[in-house]
Amino acid sequence: MTDALILGGGLAGSAAACLIARGGGDVLLLERETGAHHKVCGEFLSVEAVAHLRQLGVEPLDLGAVPIQRMRLVWGDRAVETALPFAALGLSRHALDEALIGRAAASGARIERGVRVTGLDGHTARTSVGEHHGRHVLVATGKLPIRGERPAARIANGHVGFKMHYRLSPAAMQHLAGAIVLVLLEGGYAGLQLIEDGRANLCLVLRADAFAQLGGDWQGVRAWLEGTGFLQRVLADAQPLFERPLAIANLSYGPPPRGHATGTAMLLGDRWAMTPSLTGDGMAIALRSGFLAARCVLAGRDAGTYHRLLAGQTGRQIIRATVLQNGLESPAFRRAAYWLARMHAPVLAYAARATRLPDWRENA
Ligand SMILES: Cc1cc2nc3c(=O)[nH]c(=O)nc-3n(C[C@H](O)[C@H](O)[C@H](O)COP(=O)(O)OP(=O)(O)OC[C@H]3O[C@@H](n4cnc5c(N)ncnc54)[C@H](O)[C@@H]3O)c2cc1C
């Protein structure tokens, strides 16, 4: 039996694997994908996420990450811009997740790729290649539960997410340089920013009912996006770099439902809770959960203790982000928020600061 059996090799699972292996623990990480892959994500790396990555020995700038210093809020044909209160970076998940799982392997974790976990029963995981047992089981499989894990309650109206990479015209590149652009839309938002290799990432989050009203497919969404002033201008001469966008449905944002984490397994990253993507802190929470889980495994603490520590460190961020996202989905709040930001741009920086994770303290 291995000390730590980690299911899923995204940011949360790989961070935990890296730290447990560094601390002398025996780790087996199972990841269903066989190699580097794209994920639906805004690819905005917050200051907290960058700090955790550096502690793990991954330098995003070495992977080509692009600095982001400003935030632009777009509503219809209007825009307001302000400096971010922290330095952020743009980097694809394709590059980032691969670097981190590589880091976990280099730290001494055993990594098995192309292995799908099909069920969990206490300390035993069933997989496409047989059973594995762990004294500690860390579930880091992302948004969707695996069989046998206590399922999270679904919120009434989930969200859908899309991501597309583009090669932009030189004028559009210049327009975007150094900025994260958030476009407020009916029923959701779009985020656009530069990432490595001169590419741009467009990420869109829509409430399920708003998506259904657009016809429930990407064609409808694209036609609608092309009708929104800012995106129409920026994407006019853009070359899409995927044949079709990546999509994900049933996103249930918000704090973890009551009774969600009462089993013996530790739930990491999005398996624990999905903070609204708008604030760009989901990756930081995933990494933070990896740090806390590793600390608990190495100290022989149980899943209950781990979940309490994680709730204490991430709860406020998730609640504030959820209030902000819910508010921006209401037309009246959206209008008021835009005009408030227009009259007093530092309000944007305040909102960005208020939705950050507290600093990591080694002995907290
Ligand atoms: C639309 C959208 C936009 C976002 N934008 C941002 C942003 O700009 N900035 C930010 O910080 N956060 C953002 N996030 C949040 C961020 O993407 C997540 O919080 C983060 O990826 C969570 O990491 P994770 O390790 O928990 O899960 P994941 O990154 O999803 O990793 C889970 C891993 O488990 C593997 N896996 C899944 N099932 C199995 C199985 N059965 N067996 C074996 N392996 C399995 C998967 O292949 C994957 O590698 C966004 C999220 C969404 C949905």
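Definitions and limits used
- Residues numbered from 1 in each chain as written.
- Predicted model: local features only at pLDDT ≥ 70, side-chain atom pairs only at ≥ 80, totals over all residues.
- Heavy atoms only, no water.
- Helix = DSSP H or I, 4+ residues; strand = E, 2+ residues; numbered from the N terminus.
- Rg over C-alpha atoms; globule rule 2.2 N^0.38 Å.
- Buried < 20%, exposed > 50% of the residue type's maximum accessible area, 1.4 Å probe, protein only.
- Contact = heavy atoms within 4.5 Å.
- Near = heavy atom within 4 Å.
- Polar contact = N/O pair within 3.5 Å; in protein donor to acceptor, adjacent residues only side chain to side chain.
- Areas by Shrake-Rupley, 256 points an atom, 1.4 Å probe, with all protein chains shown as cover.
- Nonpolar A, V, L, I, M, F, W, Y, C, P; charged D, E, K, R; others polar.
- Phe/Tyr/Trp six-rings, centres within 6.5 Å; stacked < 30°, edge-to-face > 60°.
- Axes fitted to C-alpha atoms, helices over the stretch in contact; angles between N-to-C directions.
- Left-handed = near helix turned anticlockwise from the far one by under 90°.
- Core = buried A, V, L, I, M, F, W, Y, C linked by side-chain atoms within 4.5 Å.
- UniProt positions renumbered as here; feature names shortened; annotations may be inferred.
- Pairing = 2+ DSSP bridges.

- As recorded in an unreviewed UniProt entry, the protein chain goes by the name Electron transfer flavoprotein, listed as coming from Novosphingobium resinovorum.

### With respect to the overall build of the protein chain
Part 1 of the argument: In terms of helices and strands, the protein chain carries 12 helices and 16 strands.
Part 2 of the argument: Against the 2.2 N^0.38 benchmark of 21 Å for 364 residues, the protein chain shows a C-alpha radius of gyration of 20 Å, consistent with a compact globule.
Part 3 of the argument: Its C-alpha atoms put the protein chain at 60 × 40 × 40 Å along the principal axes.
Part 4 of the argument: The burial tally for the protein chain puts 55% of its 364 residues in the buried class.
Part 5 of the argument: A separation threshold of at least 6 residues defines the contact pool for the protein chain, and within that pool the share at least 24 residues apart is 74%.

### Focus: the site of the ligand
Part 1 of the argument: Residues in contact with the ligand amount to 37 residues; listed here are only the nearest, Glu31, Gly42, Arg93, Val117 and Asp270.
Part 2 of the argument: The separation between an oxygen atom of the ligand and a polar main-chain atom of leucine 11 is 3.2 Å.
Part 3 of the argument: Take glycine 282: an N or O atom from its main chain is 3.3 Å from an oxygen atom of the ligand.
Part 4 of the argument: Burial of the ligand by the protein amounts to 96% of the accessible area it has alone, namely 1000 Å².
Part 5 of the argument: When contributions to the shell around the ligand are tallied by element, the ones reaching two or more residues are helix H1 (11-22), strand E2 (27-31), strand E13 (199-207), helix H8 (269-272) and helix H9 (282-298).
Part 6 of the argument: Taken together, the residues of the shell around the ligand break down into 16 nonpolar, 11 polar and 10 charged.

### Remarks on the packing of aromatic side chains
Two descriptors summarise a pair of aromatic rings, namely the distance from one centre to the other and the angle between the planes of the rings.
Part 1 of the argument: Summed over the entire model, instances satisfying the criterion amount to 5 aromatic pairs.
Part 2 of the argument: On the numbers, 5.5 Å between centres and 55 degrees between planes, the contact of phenylalanine 162 with phenylalanine 211 is tilted. A residue pair is termed long-range when its members are at least 10 positions apart, and phenylalanine 162 in strand E10 (residues 159-167) and phenylalanine 211 in helix H5 (residues 208-213) qualify at 49 residues. Like phenylalanine 211, phenylalanine 162 is buried.
Part 3 of the argument: Taking 5.4 Å as the distance between ring centres and 80 degrees as the angle between the ring planes, the aromatic pair formed by tyrosine 338 and tryptophan 339 counts as edge-to-face.
Part 4 of the argument: Its relative accessible area of 0% is what places tyrosine 338 among the buried residues.

### Some thoughts on the packing of H1 against H9
Part 1 of the argument: Between H1 and H9, the least distance of the axes is 7 Å, while the angle of their chain directions is 35 degrees. Between H1 and H9 lies a crossing whose hand is right-handed. On the side of H1, the interface is formed by Leu11, Ala12, Ala15, Ala16, Leu19 and Ile20, while H9 contributes Met283, Ala286, Leu287, Ser289, Gly290, Phe291, Ala294, Val297 and Leu298.

### Topic: the nonpolar core
Part 1 of the argument: Grouped together as the largest cluster of nonpolar side chains are 65 residues, with contacts concentrated most on Leu7, Ile20, Leu45, Leu138, Met266 and Leu268.
Part 2 of the argument: In terms of residues, this core owes the most to one element, H9, which gives 11 residues.
Part 3 of the argument: Within the second largest apolar cluster, 30 residues are counted, among which are Val74, Leu194, Phe230 and Ala238.

### Remarks on the UniProt feature "domain: FAD-binding" (unreviewed entry) in the protein chain
Part 1 of the argument: When the UniProt feature table is mapped to this numbering, "domain: FAD-binding" (unreviewed entry) covers residues 2-123.
Part 2 of the argument: In residues 2-123, helix accounts for 30% and strand for 37%; the two terminal C-alpha atoms are 10 Å from one another.

### Considering the pairing of strand E12 (residues 188-194)
Part 1 of the argument: Judged by how many residues are buried, E12 sits mostly within the fold: 7 of 7 residues are covered.
Part 2 of the argument: In E12, alternate side chains face the same way, and those of Gly188, Ala190, Leu192 and Leu194 on one face and Tyr189, Gly191 and Gln193 on the other are all buried.
Part 3 of the argument: As paired strands, strand E11 (residues 179-185) and E12 are joined by 5 bridges and run antiparallel to one another. Among the inter-strand pairings, valine 181 is bridged to a residue of E12, identified as leucine 192.
Part 4 of the argument: The hairpin formed by E11 and E12 contains 2 residues between the paired strands, and glycine 187 there has a positive phi angle of roughly 85 degrees.
Part 5 of the argument: Two strands pair when backbone bridges link them, and E12 and E13 are joined in this way by 7 bridges, in the antiparallel orientation. Across the sheet, the residue bridging to leucine 194 is alanine 200, located in E13.
Part 6 of the argument: What sits between E12 and E13 in their antiparallel hairpin is a turn of 4 residues, with aspartate 197 showing a positive phi close to 60 degrees.

### A short note on the environment of alanine 284
Part 1 of the argument: Mapped onto the elements, alanine 284 comes out in helix H9.
Part 2 of the argument: Expressed as a C-alpha distance, the spacing of alanine 284 and threonine 314, which sit 30 residues apart in the sequence, is 9.8 Å.
Part 3 of the argument: Those residues in contact with alanine 284 that lie beyond four places of it in its chain are Ser46, Glu48, Ala49, His52 and Leu357.

### Some remarks on the side chain of arginine 356
Part 1 of the argument: Tracing the backbone through its elements, the reader meets arginine 356 in the segment after helix H12 (346-354).
Part 2 of the argument: At 2.6 Å, the side chain of arginine 356 and the backbone oxygen of threonine 279 are in polar contact.
Part 3 of the argument: A polar contact is formed between the side chain of arginine 356 and the side chain of aspartate 281, at a distance of 3.2 Å.
Part 4 of the argument: Setting aside chain neighbours within four positions, we find arginine 356 in contact with Ser46, Glu48, Phe86, Thr279, Gly280, Asp281 and Gln317.

### Details of the side chain of threonine 82
Part 1 of the argument: Note on placement: threonine 82 falls in strand E5 (residues 78-90).
Part 2 of the argument: Discounting residues that sit within four places of it in the chain, threonine 82 has contacts with Arg70, Met71, Ala345, Pro346, Leu348 and Ala349.

### Digging into unusual backbone geometry
Part 1 of the argument: Unusually for a residue other than glycine, glutamate 43 sits at a positive phi of about 65 degrees.
Part 2 of the argument: Position of glutamate 43 among the secondary structure elements: in the loop between E2 and strand E3 (44-45).

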